[in-house]
Amino acid sequence: MYKVSKSSKETKALIDTKKMRGFKVKPLNNVNYDGVKVDKLLIIKPSFVEKVLKRKTKRKLEMYLEFIINILESEDGNDSGKINIALNDLNRYKSIIKNNYRVYLDKLYYDTLMKKIDVIEKELKVRKMYLDMTYQAEIKEEKSRKSR
């Protein structure tokens with residue numbers, strides 16, 4: 001069921017999506033143009049939902065990989081705080097995939113995605129542990145210099 005309302009400046013079409021099942025998306029494109037303005041989008045076709053989610057998850061994984069590469073290449077100071085933020089964000093993203101996207105993704109892709117996220121998470125934890133150990137070694141070395 002939909003309702004079309006027309007005011008002096010614009011026409012609105014309201015669609016009741018409570019009975020429809022699908023994946024809800026809010027478009028981020030803020031380009032001004034004459035035509036239909038879309039605030040919300042409900043994707044019903046399962047194959048299209050899967051394509052959209054695969055593209056979305058791939059983009060997010062590439063962002064995390066790029067972040068890890070930047071951390072590994074940079075040797076300036078202690079990036080433990082950045083790694084903690086990335087780990088928290090990765091855990092949040094993992095829970096979003098488990099709770100929201102799992103319904104729409106096929107089992108093989110979901111399992112592969114979870115394995116990739118686990119590898120990224122392990123790499124971040126190893127890097128954090130390395131940075132913490134080097135930081136503690138530096139503190140221990142400073143204490144030994146001061147005690148002499």
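All residue numbers here refer to positions counted from 1 along the written sequence of the relevant chain. Local features in this predicted model are restricted to residues of pLDDT 70 or higher, and side-chain atom pairs are both shown and tallied only at a pLDDT of 80 or more, whereas totals for entire chains, interfaces and linings draw on every residue. With hydrogens and water excluded, all non-hydrogen atoms of the structure serve as input to the side-chain values.

**Details of the layout of surface pockets**
Part 1 of the reasoning: Here the second largest pocket defines a volume of roughly 410 Å³.
Part 2 of the reasoning: Lining the second largest pocket are 13 residues; nearest its centre among them are Val-25, Lys-26, Val-52, Lys-56 and Arg-59.
Part 3 of the reasoning: Strands are runs of DSSP state E lasting at least 2 residues, helices are runs of H or I lasting at least 4, and numbering of each runs from the N terminus. If you list the elements that add at least two residues to the lining of the second largest pocket, you get strand S3 (23-25), strand S4 (41-43) and helix H1 (46-73).
Part 4 of the reasoning: Here the lining of the second largest pocket gets 5 residues from one element, more than from any other, and that element is H1.
Part 5 of the reasoning: Amino acids outside the nonpolar list (Ala, Val, Leu, Ile, Met, Phe, Trp, Tyr, Cys, Pro) and the charged list (Asp, Glu, Lys, Arg) are all regarded as polar, and Gly is one of them. For the lining of the second largest pocket, the class distribution of residues is 8 nonpolar, no polar and 5 charged. Method remark: on a 1 Å grid restricted to protein atoms, a set of points is classed as a cavity if a 1.4 Å probe fits but cannot get out and as a pocket if it is open with protein on both sides within 12 Å along at least five of seven lines; lining residues have an atom within 4 Å of a point. Grid points are joined across faces, edges and corners, and a volume is the space filled by probe spheres set on the points.

**Remarks on helix H2 (residues 80-101)**
Part 1 of the reasoning: The end-to-end C-alpha separation of H2 is 30 Å, in line with the 32 Å expected for 22 residues at 1.5 Å each.
Part 2 of the reasoning: For H2, every residue scored as buried is listed here: Ser-80, Ile-83, Ala-86, Leu-87, Leu-90, Tyr-93, Lys-94, Ile-97 and Tyr-101. Burial along H2 is one-sided: seen end-on, the buried residues are contained in an arc of 135°. Turned more than 90 degrees away from the buried face of H2 sit Ile-85, Asn-88 and Asn-99, all of them exposed. To estimate the expected span of a helix, subtract one from its residue number and multiply by 1.5 Å. Partly exposed residues are those whose accessible area sits between 20% and 50% of the maximum for their type, while under 20% is buried and over 50% is exposed, using a 1.4 Å probe and protein chains only. The arc in question is formed by the directions pointing from the helix axis toward the C-beta atoms.

**As for the side chain of Glu-121**
Part 1 of the reasoning: Relative to the helices and strands, Glu-121 is located in helix H3 (residues 107-147).
Part 2 of the reasoning: Working rule for contacts: check all heavy atoms of both residues, and any pair within 4.5 Å makes them a contact. Setting aside residues up to four positions removed in sequence, Glu-121 forms contacts with Leu-87, Leu-90, Asn-91 and Lys-94.

**Observations regarding the environment of Thr-57**
Part 1 of the reasoning: Assignment of secondary structure puts Thr-57 in helix H1.
Part 2 of the reasoning: As a C-alpha pair, Thr-57 and Tyr-101 span 44 residues in sequence and 9.5 Å in three-dimensional space.
Part 3 of the reasoning: Other than its neighbours up to four places away in sequence, Thr-57 contacts Tyr-93, Ile-97, Tyr-101, Tyr-109 and Leu-113.

**Notes on the pattern of salt bridges**
Part 1 of the reasoning: The rule for a salt bridge is simple: a side-chain nitrogen of Lys or Arg has to be within 4 Å of a carboxyl oxygen of Asp or Glu. Within the structure shown, the criterion is met by 7 salt bridges.
Part 2 of the reasoning: For Glu-121, the salt bridge is made with Lys-94, and the minimal N-O distance between the two is 3.5 Å. Highlighted residues: Glu-121 in helix H3 and Lys-94 in helix H2, separated in sequence by 27 residues.
Part 3 of the reasoning: On the basis of relative accessible area, Glu-121 is assigned to the buried category, the value being 10%.
Part 4 of the reasoning: For Lys-94, a relative accessible area of 15% gives the class buried.
Part 5 of the reasoning: Each of the salt bridges in this network shares a partner with another, and the network as a whole consists of Lys-94, Asp-118, Glu-121 and Lys-125.

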